Amino acid sequence: MYHDAINVLNSAPIHDCADSIVFKVKYQLALRNYLINRFSEANAHLNEMYYLVDSSYHIKGYLLHTIILNELHEWEKSKKNCIN
């Protein structure tokens, strides 16, 4: 189920889309990868999202990112997300 959603989301042409669309696609990719224990891939999608979208969207991804970083045992990075 999640694999099919990941394939569809990965095929989404987000290059010229508004930040809101890019955020939604990258966030959903991160969430679905997290749910199937692919934490490194989930982390990569959120990092790409932070790079691609305006900083006003970043806070919306902090909770998920904190959980992912905990799974990756990246405690200091996780702590920084909690403080932000």
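What you see is a predicted model, and the numbers here were worked out from it, not measured in a lab.

> Outline the overall build of the protein, listing residues and values.
Counting its regular elements, the protein contains five helices and zero strands. Computed over the C-alpha atoms, the radius of gyration of the protein is 12 Å, within 12% of the 12 Å expected from 2.2 N^0.38 for a compact globule of 84 residues. Seen through its principal axes, the protein has C-alpha atoms that stretch 35 × 30 × 15 Å. Taken across its 84 residues, the protein has 36% of its residues classed as buried. Taking the intrachain contacts of the protein between residues at least 6 apart in sequence as the baseline, contacts between residues at least 24 apart amount to 49%.

> Tell me about the environment of Ala-12, and please be specific about residues and values.
Note on placement: Ala-12 falls in the loop between α1 (2-10) and α2 (19-35). Residues Ala-12 and Ala-44, spaced 32 residues apart in sequence, show a C-alpha to C-alpha distance of 17 Å.

What counts and what doesn't
Residues numbered from 1 in each chain as written. Predicted model: local features only at pLDDT ≥ 70, side-chain atom pairs only at ≥ 80, totals over all residues. Heavy atoms only, no water. Helix = DSSP H or I, 4+ residues; strand = E, 2+ residues; numbered from the N terminus. Rg over C-alpha atoms; globule rule 2.2 N^0.38 Å. Buried < 20%, exposed > 50% of the residue type's maximum accessible area, 1.4 Å probe, protein only. Contact = heavy atoms within 4.5 Å.

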